[in-house]
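# Notes for the structure review
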Amino acid sequence: MLSSIKSRIALLGLAAAMAFNVHAQNVTGAGSSFVYPVMTKWSADFRNSTQVKVNYQSIGSGGGIAQIKAATVDFGASDAPLKPADLAKFGLGQFPTVIGGVVPVVNVPGIGAGKLRFTGPVLANIFLGKIKTWNDPAIAALNPGVTLPATKITVVHRSDGSGTTFNFVNYLSKVSPEWKSGVGEGTAVKWPVGIGGKGNEGVAAYVKQIKGGIGYVELSYALQNKMSYAGMQNAAGKWVLPNAESFAAAAASADWANAKDFYLVMTNAPGDASWPITASVFIIMYKQPKNAASSKSAKEFFRWVFKNGDAQARKLDYVPLPPALVAQIEAYWAAEFKF
Amino acid sequence: MSTDAALAVPVMRNDKHDTLIDLLFRSVVSSAGIFVLLALVGAAVSMLWGGRLAFETFGWQFLTTQEWDVPASKFGALVPIYGTLVTAGIAMLIAVPVSFGIAVFLTEVAPSWMRGPVSAAIELLAGIPSIIYGMWGLFVLAPYLSEHAYPWIDEHLGGLPFLGPLFTGPPLGIGMLAAGLVLAIMVIPFISSVMREVFLTVPNRLKESAYALGSTTWEVVWDIVLPYTRSAVIGGVFLGLGRALGETMAVTFVIGNAYNISASLLDPGTSIASTIANEFGEAVDPLHKSTLLALGFLLFVLTFIVLSIAKLMLIKLQRKEGR
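Residues numbered from 1 in each chain as written. Chains lettered and ligands numbered in written order. Predicted model: local features only at pLDDT ≥ 70, side-chain atom pairs only at ≥ 80, totals over all residues. Heavy atoms only, no water.

### Comments concerning the overall build of chain A
The secondary structure content of chain A amounts to 14 helices and twelve strands. Dimensions of chain A, computed from the C-alpha atoms along their principal axes, are close to 90 × 45 × 30 Å. Per-residue burial over chain A gives 55% buried out of 339 residues. A fraction of 75% describes how many contacts in chain A between residues 6 or more apart in sequence connect residues 24 or more apart. Approximately 14000 Å² of chain A is accessible, and the part contributed by carbon and sulfur atoms is 57%. Mean positive and mean negative side-chain charge positions of chain A (32 and 19 charges, respectively) differ by 5 Å. (Helix = DSSP H or I, 4+ residues; strand = E, 2+ residues; numbered from the N terminus. Buried < 20%, exposed > 50% of the residue type's maximum accessible area, 1.4 Å probe, protein only. Contact = heavy atoms within 4.5 Å. Areas by Shrake-Rupley, 256 points an atom, 1.4 Å probe, with all protein chains shown as cover. Lys, Arg positive; Asp, Glu negative; His and termini not counted. Charge placed at Lys NZ, Arg CZ, Asp CG, Glu CD.)

### Describing the overall build of chain B
If you tally the helices and strands in chain B, you get eleven helices and two strands. For 323 residues, the compact-globule estimate of 2.2 N^0.38 gives 20 Å, and chain B exceeds it by more than 25% at 25 Å. Here the C-alpha coordinates of chain B stretch approximately 90 × 55 × 40 Å along the principal axes. Counting only residues that meet the buried cut, chain B has 41% of its 323 residues in that class. (Rg over C-alpha atoms; globule rule 2.2 N^0.38 Å.)

### Quick notes on the packing of helix H3 (residues 78-109) of chain B against helix H4 (residues 112-126) of chain B
Residues and elements named next belong to chain B. In the contact formed by H3 and H4, the axes pass within 10 Å of each other and the chain directions differ by 155 degrees. In this view, H3 runs roughly antiparallel relative to H4, as classed from their interaxial angle. In this structure, the crossing between H3 and H4 has a hand that is left-handed. Facing H3, whose interface residues are Ile 102, Phe 105, Leu 106, Thr 107, Glu 108 and Val 109, H4 presents Met 114, Arg 115, Val 118, Ser 119 and Ile 122. For the contact of H3 with H4, the residue count by class is seven nonpolar, two polar and two charged. (Axes fitted to C-alpha atoms, helices over the stretch in contact; angles between N-to-C directions. Parallel < 35°, antiparallel > 145°, perpendicular 65-115°, else oblique. Left-handed = near helix turned anticlockwise from the far one by under 90°. Nonpolar A, V, L, I, M, F, W, Y, C, P; charged D, E, K, R; others polar.)

### A short note on a nonpolar patch on the surface
All names here are of chain B. Together, Ile 131, Ile 132, Met 135, Trp 136, Phe 139, Val 140 and Ile 185 make up an exposed nonpolar region whose accessible area comes to about 590 Å². Ranked by the residues each element gives to the nonpolar patch, the list is headed by helix H5 (residues 130-156), at six residues. Structurally, the position occupied by Ile 132 is in helix H5. (Patch = residues over 30% accessible without salt bridge, like charges linked within 9 Å, V, L, I, M, F, W, Y side chains within 5 Å. Salt bridge = Lys/Arg side-chain N within 4 Å of Asp/Glu carboxyl O.)

### Description of the sheet that holds strand S11 (residues 239-240) of chain A
In a beta sheet, neighbouring strands are held together by backbone hydrogen bonds and run either parallel or antiparallel to one another. Residue and element names in this part refer to chain A. Pairing in this open sheet of three strands is mixed, and the strands run S5-S10-S11 from one edge to the other. Edge strands, defined here as strands with exactly one partner in the open sheet, are strand S5 (117-118) and S11. Where S5 meets strand S10 (residues 231-233), two bridges bridge the pair, whose relative direction is parallel. Across the sheet, residue Arg 117 finds its bridge partner in S10, namely Gly 231. (Pairing = 2+ DSSP bridges.)

### Regarding the pattern of salt bridges
All names here are of chain A. As enumerated under the stated definition, the model contains twelve salt bridges over all chains in all. Taking the shortest distance from any N to any O, the salt bridge between Glu 178 and Lys 130 comes out at 2.6 Å. With Glu 178 in helix H8 (residues 177-182) and Lys 130 in the loop between helix H5 (120-128) and helix H6 (137-142), the pair connects residues that are 48 residues apart, well separated along the chain. Classification of Lys 130 by relative accessible area gives partly exposed; the value is 46%. Arg 303 is the salt-bridge partner of Glu 300, the closest N and O atoms lying 3.0 Å from each other. Taken together, the residues span about one helical turn, with Glu 300 and Arg 303 both in helix H12 (residues 292-308) at a distance of three residues. We classify Arg 303 as partly exposed; its relative accessible area is 28%.

### Some details on the interface of chain A and chain B
The interface is formed by 26 residues belonging to chain A together with 28 residues belonging to chain B. In total, about 2000 Å² of surface goes out of reach between chain A and chain B, with carbon and sulfur atoms giving 56% of it. On the surface where chain A and chain B come into contact, there are two salt bridges. Note that Lys 211 of chain A and Glu 147 of chain B form a salt bridge whose closest N and O atoms lie 3.1 Å from each other. Linking chain A to chain B there are seven residue pairs in polar contact (both at pLDDT 80 or more). At the level of elements, helix H3 (61-69), strand S6 (154-158), strand S7 (195-197) and helix H9 (199-209) of chain A are the ones that each hand at least two residues to the side of chain A that touches chain B. Its residues assigned to classes, the side of chain A that touches chain B shows eight nonpolar, 13 polar and five charged. (Buried area = accessible area lost by both parts, 1.4 Å probe. Polar contact = N/O pair within 3.5 Å; in protein donor to acceptor, adjacent residues only side chain to side chain.)

### Let's talk about the side chain of Ser 294 of chain A
Residues and elements named next belong to chain A. Summarising the element assignment, Ser 294 is placed in helix H12. For Ser 294, the side chain forms a polar contact with the side chain of Asn 291, separated by 3.2 Å. In this view, Ser 294 contacts Gln 25, Asn 26, Val 27 and Asp 74; residues no more than four positions away in its chain are not counted.

### Observations concerning the nonpolar core
Residues Phe 118 and Phe 127 of chain A are the most contacted members of the largest nonpolar core, which totals 169 residues. Per-element tally for this core: the top contributor is helix H6 (residues 176-199) of chain B, with 14 residues. Among residues more than four places away in sequence, those in contact with Phe 127 of chain A are Val 155, Val 156, Phe 168, Leu 172, Trp 179, Trp 191, Pro 192, Val 193, Ile 214, Gly 215 and Tyr 216 of chain A. Grouped together as the second largest cluster of nonpolar side chains are nine residues, Ile 65, Ile 68, Leu 87 and Tyr 286 of chain A included. (Core = buried A, V, L, I, M, F, W, Y, C linked by side-chain atoms within 4.5 Å.)

### Description of the pairing of strand S2 (residues 54-58) of chain A
Side-chain direction in a regular strand flips from residue to residue, so the side chains alternate between the two faces of the sheet. Residue and element names in this part refer to chain A. Sheet topology note: the strand S1 (residues 27-31)/S2 ladder contains five bridges and is parallel. Looking at S2, one finds that Val 27 is bridged to Val 54. On the question of chirality, the crossover connecting S1 to the parallel S2 by way of helix H2 (residues 36-50) is right-handed. (Right-handed = clockwise from strand over helix to strand, strands pointing away.)

### A short note on the confidence of the model for chain A
Residue and element names in this part refer to chain A. Summing up the model confidence of chain A, the mean pLDDT is 88 and the portion of residues at 70 or higher is 93%. When mean pLDDT is compared element by element in chain A, H5 scores highest at 95, while helix H1 (residues 2-22) scores lowest at 48. Low confidence marks residues 11-22, where pLDDT is under 50. Its contacts with residues over four positions away, or in another chain, come to zero contacts. (pLDDT = per-residue confidence, 0-100.)

### Quick look at empty space enclosed by the protein
Residue and element names in this part refer to chain A. Enumeration over the complete set of coordinates arrives at four cavities of 30 Å³ or more. Put simply, the largest cavity is a space of about 60 Å³. What lines the largest cavity is Trp 42, Thr 97, Val 98, Val 305, Phe 306, Gly 309, Asp 310, Ala 313, Pro 320, Leu 321 and Val 326. Contributions of two or more residues to the lining of the largest cavity are made by strand S4 (92-107), H12 and helix H13 (310-315). Tallied by class, the residues present in the lining of the largest cavity amount to eight nonpolar, two polar and one charged. (1 Å grid on protein atoms, 1.4 Å probe; cavity = no way out; pocket = protein on both sides within 12 Å on 5 of 7 lines; lining within 4 Å. Points joined across faces, edges and corners; volume = space filled by probe spheres on them.)

### Concerning the pairing of strand S3 (residues 75-78) of chain A
All names here are of chain A. Neither face of S3 is left uncovered, since the one carrying Phe 75 and Ala 77 and the one carrying Gly 76 and Ser 78 both have all their residues buried. Where S1 and S3 come together, three bridges link them in parallel fashion. Counted as the bridge partner of Gly 29 is Phe 75 from S3.

### With respect to the side chain of Thr 119 of chain A
Tracing the chain through its elements places Thr 119 of chain A in the loop between S5 and H5. Those residues in contact with Thr 119 of chain A, other than ones at most four positions away along the chain, are Leu 142, Met 232, Gln 233 and Trp 239 of chain A.

See the structure below:
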């Protein structure tokens with residue numbers, strides 16, 4: 001009896017020791033809430049196949065950057081890339097991980113999804129408060145055959161600082177000199193007009209409730225809430241709708257090869273089929289981390305994601321990185337990450 | 001004689017024992033009292049310290065400017081302060097009479113079988129998390145206001161002399177008025193349960209004497225119950241006001257989060273607490289973070305001022321009554 005207990009304890013100890021050897025270090029990450037849904041899917045699948053647990057806290061891009069700088073997590077995730085100079089100052093490296101897009105959503109009675117379309121400057125003028133009603137000639141000229149009501153336009157923006165806002169206003173700055181000089185860009189800006197909703201869900205709720213409302217959300221929120229998103233004219237002058245193909249086209253046409261530390265905001269991407277407000281989530285890690293073992297696990301996690309995570313990403317309306325970009329990231333890891 | 005001696009010994013022993021127990025008891029309750037003081041001072045000092053960069057940068061202008069520009073790092077606290085006061089004011093205008101009605105109903109009018117369930121319902125309402133009120137405000141109240149209430153208010157009250165500008169605006173369904181309404185519903189349980197408790201402390205013989213003299217229920221409530229419980233009732237009202245001033249999540253959802261001061265209650269605005277909730281997560285710039293902490297300190301000061309005014313009012317009232 002006693003010996004059987006002893007042997008059991010020994011067995012348990014052995015199992016624990018083996019588990020300890022087999023298990024790589026658990027990984028912690030924090031940041032972008034945009035990437036949170038797919039990140040949790042990936043970490044569940046990764047855990048099933050490798051037993052390594054990835055804890056991801058969805059605290060917002062700014063929080064993610066602050067946490068990785070303080071080295072309290074193994075990786076930070078941000079919707080806006082850090083400048084190479086900032087990265088160098090802290091000894092950090094970064095790479096894109098998945099692609100998504102921001103879409104204008106409207107609530108104009110009688111107009112369904114994809115029926116309305118804007119050019120960048122017209123969208124900027126709406127958000128500047130210069131175009132005030134839906135039947136404004138500037139909107140009517142872009143939408144022949146659509147009956148536009150005289151309803152007042154109510155602009156809805158994010159009230160909290162957000163990577164979604166960063167990408168949206170970055171695009172407006174690229175297409176409208178007046179926006180660039182008057183409002184500028186950032187995760188939060190001084191909005192000339194409109195009301196603020198908290199989170200993608202807050203903006204979606206306001207736009208759905210307010211007749212004549214226009215806002216911007218991630219595509220998945222627009223699809224889940226069955227909202228009327230609008231088409232856009234891209235940098236090549238072509239009309240495009242927001243979907244996986246147009247997001248992928250933007251990612252493929254972006255000039256990643258010449259972007260140092262992948263510092264590239266994909267908005268207003270060239271290419272005939274590119275969606276103009278496409279965005280990527282960036283992962284930020286230390287090049288020489290204090291805890292090399294868990295950083296190595298984190299790197300293995302993203303290697304696994306690039307290999308096996310595409311289906312999950314597509315299911316949740318994200319777009320996986322193009323293969324050429326993944327190869328470039330692998331090369332970057334080999335050259336820069338010393339663990 | 002012998003009995004005296006027999007008594008004396010245990011009394012002496014008990015005395016010592018009692019002194020020790022008493023000393024222990026005193027030190028436990030005093031440390032609880034000191035703890036709350038320390039927590040208060042600690043919170044105030046740490047917010048002031050965290051906000052020093054903002055106070056140094058903007059000085060007194062921080063209180064009087066409307067600018068709120070995150071990329072340019074220009075911040076003024078006037079809009080959030082205004083929104084906080086206005087929404088809390090609307091909430092109190094609605095919540096105080098309604099709570100008074102609930103408390104009077106429960107203590108004087110309701111049949112006894114109803115008192116238990118309604119009191120329990122009020123206490124349950126007080127336990128609902130504020131984000132639930134926010135969600136309800138956003139998904140239920142706001143669409144209703146925008147469809148029915150706001151257009152009606154705009155049409156019927158917008159033309160009033162003097163008060164008209166308060167009630168003209170687009171039918172968004174969100175804004176200062178919506179935030180005030182949600183806040184009112186949130187603070188009603190607090191105020192009404194305090195009122196009910198203190199109304200119950202009024203001695204029955206006082207009320208019965210008044211009834212015997214032919215008073216109506218209203219006269220009993222106004223002339224007997226209310227004067228008897230005045231200070232506790234005002235205390236309950238200010239407990240509700242304190243909560244309305246500091247409420248965060250529910251207000252964030254329905255106030256519209258726009259940095260502008262508008263005469264109209266139908267227009268969106270922002271409050272101190274909702275500004276902090278919205279921006280703290282992404283406040284990377286030290287000045288921005290410091291500004292949000294400074295706002296927290298201002299909310300603290302604002303609440304302190306409001307509560308001091310309440311205390312002064314109470315003292316004045318008591319003096320007038322010659323008590």
